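Listed below, chain by chain, are the residues.
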Amino acid sequence: MNAIDRIGVKVIAAADIPTGNVKPLLFELAGMLEAWLSKGEPASIDLRSLPLTRGDYTELEAALGSGAVSASVEAIGASEVRETRYPGVWRVMHRNEAGEVVADLLEVCGLPEILRAPAEDAADGLIRLKEALQP
Amino acid sequence: MTTLGDSLLASGVSRRAFLKFCTALTSLMALPPGMAPAVAQALARAKRPSVIWLSFQECTGCTESLTRSTSPTLENLILDLVSLDYHHTLQAASGFAAEAAREHAMKEFDGKYLLLVDGSIPTSDGGIYGTWGGESFVDILQQSAKGAAAVVAIGSCASFGGLPKANPNPTGARPVSDLVKDKPVINVPGCPPIAVVMTGVLAHYLTFGRIPELDAQGRPLAFYGETIHDRCYRRPFYDQGKFAKTFDDEGARSGWCLYELGCKGPITHNACATVKWNAGTSFPIQSGHGCLGCSEPDFWDKGSFYKALSTAEWGDAKTLGVAAAVGVAAGAAAAYLGRRRQDRIGKED
């Protein structure tokens with residue numbers, strides 16, 4: 001046994017400890033859901049702007065669970081959209097082409113904007129479809 | 001001149017992809033996520049500005065930080081958004097050809113180009129401690145600032161004098177804001193600054209066509225509005241009075257607060273605790289070392305990095321007391337800070 005192996009090492013990754021920041025976040029979500037239901041105002045939270053540890057993310061994911069809808073979008077990298085167990089509350093995660101997370105959001109709305117087909121793109125598509133139908 | 005939206009669409013980027021890009025950019029600029037569609041609209045109309053980057057008394061660490069940023073797609077897109085017309089370290093031209101490129105950009109984009117500066121400017125003995133092409137840094141700065149729309153001081157040296165200005169400051173080093181008085185100066189301090197903070201400031205200028213809201217030290221509030229301590233994941237331990245006393249005690253191993261080991265987090269305004277470093281991997285406190293306070297003026301001359309904050313070097317007891325008392329319920333602070341920032345930006349725009 002090498003001398004270095006005999007030194008007792010205790011590793012606690014501080015980043016895995018939940019900070020207690022998830023609960024106020026959930027209260028905020030409840031407030032947003034209320035505002036959306038009563039006034040139709042969509043809202044979102046940028047998770048990466050908050051001091052959340054890996055432990056917090058685990059806690060948050062457990063609290064939100066998963067709902068009926070999940071979708072993926074391929075646009076300059078993969079994006080995942082998942083409804084939580086609370087309808088109208090969505091987790092939207094955007095990745096770049098290298099697979100790194102570039103935005104991680106909780107959205108409160110009927111349907112996250114990224115899933116809607118933009119009218120201009122649809123108009124371009126219509127032109128292509130009509131071209132394809134030319135005899 | 002074509003707009004950014006046109007050139008992106010022409011290169012095959014779909015509108016959905018552009019919205020996604022703008023969502024990421026909005027997060028990067030620390031704006032509320034609901035602003036993404038507005039950012040997309042503004043950016044689609046934006047034109048590529050010319051950027052001149054001057055390096056004075058510096059170590060190239062700021063350029064290293066910017067060019068080593070690890071989300072290539074986004075950073076490249078941002079670098080595509082500007083036309084970097086002069087940068088000693090990155091440009092291929094040298095000597096007279098390089099200076100000609102600078103003069104050409106200054107003439108063609110007079111009143112419109114952005115001037116980025118890293119490094120402090122030596123002013124003692126007629127400025128002879130820093131020259132290129134026979135001209136002093138002072139003269140080059142003043143000449144180049146004349147036609148600039150705004151000046152961005154990149155790093156603590158350009159923002160506050162930094163290391164060259166440390167006692168006894170043999171070269172008479174001074175920050176950009178001491179020498180440029182008739183243009184808006186944005187300070188982006190840090191040793192080095194976080195790459196996305198630098199690109200975020202540029203993106204803000206592009207999106208809104210004006211400089212971001214600044215604090216009393218000339219720093220963009222979006223990135224420097226809160227202290228490291230406000231956003232530190234170890235903050236709950238501070239509130240519970242759990243402190244590491246040495247770097248190898250039980251407290252240090254359990255990830256307790258590093259305040260008593262000299263952490264300058266409570267008085268340091270920067271985004272390290274949320275944006276982090278190396279593709280969001282970690283930041284000094286997460287790696288077990290206190291914050292040095294590198295984005296604050298004269299951090300180098302304010303006593304030991306390993307002594308707990310003292311009123312002698314870091315301001316009066318009231319300042320420190322406020323830092324310690326704000327957000328006693330750390331949990332509530334997270335949501336509160338997000339909302340406060342949202343309100344502010346909402347009012348601004």
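Treat the numbers as computed from the prediction; the structure is a model and nothing was measured.

(A) How the structure looks around the overall build of chain B. Regarding its fold elements, chain B presents 17 helices and nine strands. Looking at the 349 residues of chain B, the share that counts as buried comes to 48%. Taking contacts inside chain B between residues at least 6 apart in sequence as the whole, the part at least 24 apart equals 71%.

(B) Fine view of the environment of Gly-290 of chain B. Residue and element names in this part refer to chain B. Relative to the assigned elements, Gly-290 resides in the loop between α14 (272–275) and α15 (311–314). Separated by 138 residues in sequence, Gly-290 and Val-152 have C-alpha atoms that sit 28 Å apart. Not counting residues within four places of it along the chain, the set of residues in contact with Gly-290 comprises Leu-258, Leu-261, Gly-262, Cys-263, Lys-264 and Ile-285.

(C) Representation of the interface of chain B and chain A in the model. Each partner contributes to the interface: chain B provides 37 residues, whereas chain A provides 39 residues. Broken down by secondary-structure element, the contributors of at least two residues to the side of chain B that touches chain A are α2 (15–28), α5 (72–81), α14 and α17 (330–348) of chain B. Looking at which element gives the most residues to the side of chain B that touches chain A, the answer is α2 of chain B, with nine residues. Per-class residue counts for the side of chain B that touches chain A are 19 nonpolar, twelve polar and six charged.

(D) Region of interest: unusual backbone geometry. Residue and element names in this part refer to chain B. With omega at 0°, the peptide bond leading from Asn-167 into Pro-168 counts as cis. Note on placement: Pro-168 falls in the loop between α8 (155–160) and β8 (173–174). With an omega of -5°, the peptide bond between Cys-191 and Pro-192 qualifies as cis. Despite not being glycine, Asp-125 has its phi angle at roughly 50°, a positive value. As for its placement among the helices and strands, Asp-125 is situated in the loop between β4 (121–122) and β5 (131–132). Although it is not a glycine, Asn-169 adopts a positive phi angle of roughly 50°.

(E) Geometry of helix α7 (residues 137–146) of chain B. Along α7 of chain B, the residues classified as buried are Phe-137, Ile-140, Leu-141, Ser-144 and Ala-145 of chain B. The arc that holds every buried residue of α7 of chain B, seen down its axis, measures 120°, which confines them to one face.

(F) Structural context of the packing of α2 of chain B against helix α3 (residues 36–45) of chain B. Residue and element names in this part refer to chain B. One can describe the packing of α2 onto α3 by two numbers: an axis separation of 8 Å at closest approach and a directional angle of 110°. Between α2 and α3, the angle is such that the two are roughly perpendicular. For the element pair α2 and α3, the recorded crossing hand is right-handed. On α3, the residues that touch Phe-18, Leu-19, Cys-22, Thr-23, Leu-25 and Thr-26 of α2 are Ala-36, Val-39, Ala-40 and Leu-43. Residues that form the contact of α2 with α3 fall into these classes: eight nonpolar, two polar and no charged.

(G) Focus on helix α6 (residues 95–108) of chain B. All names here are of chain B. Given a rise of 1.5 Å per residue, 14 residues ought to cover 20 Å, and the 20 Å separating the end C-alpha atoms of α6 matches this to within 8%. Among all positions in α6, only Arg-102, Ala-105 and Met-106 are buried. Projected down its long axis, α6 carries its buried residues within an arc of 100°, all on one side. Relative to its buried face, α6 has exposed residues pointing more than 90 degrees away, namely Phe-96, Ala-97, Ala-100, Lys-107 and Glu-108. Summarising the contacts, the buried residues of α6 are in contact with β1 (50–55), β2 (83–87), β3 (113–118) and α7.

(H) Geometry of the sheet that holds β3 of chain B. All names here are of chain B. With respect to topology, five strands assemble into an open sheet ordered β2-β1-β3-β7-β9, the strand pairing being parallel. One side of each edge strand has no neighbouring strand; the edge strands of this open sheet are β2 and β9 (185–188). Within the sheet, the average angular offset between the axes of one strand and its neighbour, ignoring direction, is 20°. Pairing of β1 with β2, which is carried by four bridges, proceeds in the parallel orientation. Note on β2: the bridge partner recorded for Ser-50 is Ser-83.

What counts as what
Residues numbered from 1 in each chain as written. Chains lettered and ligands numbered in written order. Predicted model: local features only at pLDDT ≥ 70, side-chain atom pairs only at ≥ 80, totals over all residues. Helix = DSSP H or I, 4+ residues; strand = E, 2+ residues; numbered from the N terminus. Buried ≥ 20, exposed ≤ 12 C-beta atoms within 10 Å, placed from the backbone. Contact = placed C-beta atoms within 7 Å. Nonpolar A, V, L, I, M, F, W, Y, C, P; charged D, E, K, R; others polar. Arc of directions from axis to C-beta. Axes fitted to C-alpha atoms, helices over the stretch in contact; angles between N-to-C directions. Parallel < 35°, antiparallel > 145°, perpendicular 65-115°, else oblique. Left-handed = near helix turned anticlockwise from the far one by under 90°. Expected span 1.5 Å × (residues − 1). Pairing = 2+ DSSP bridges.

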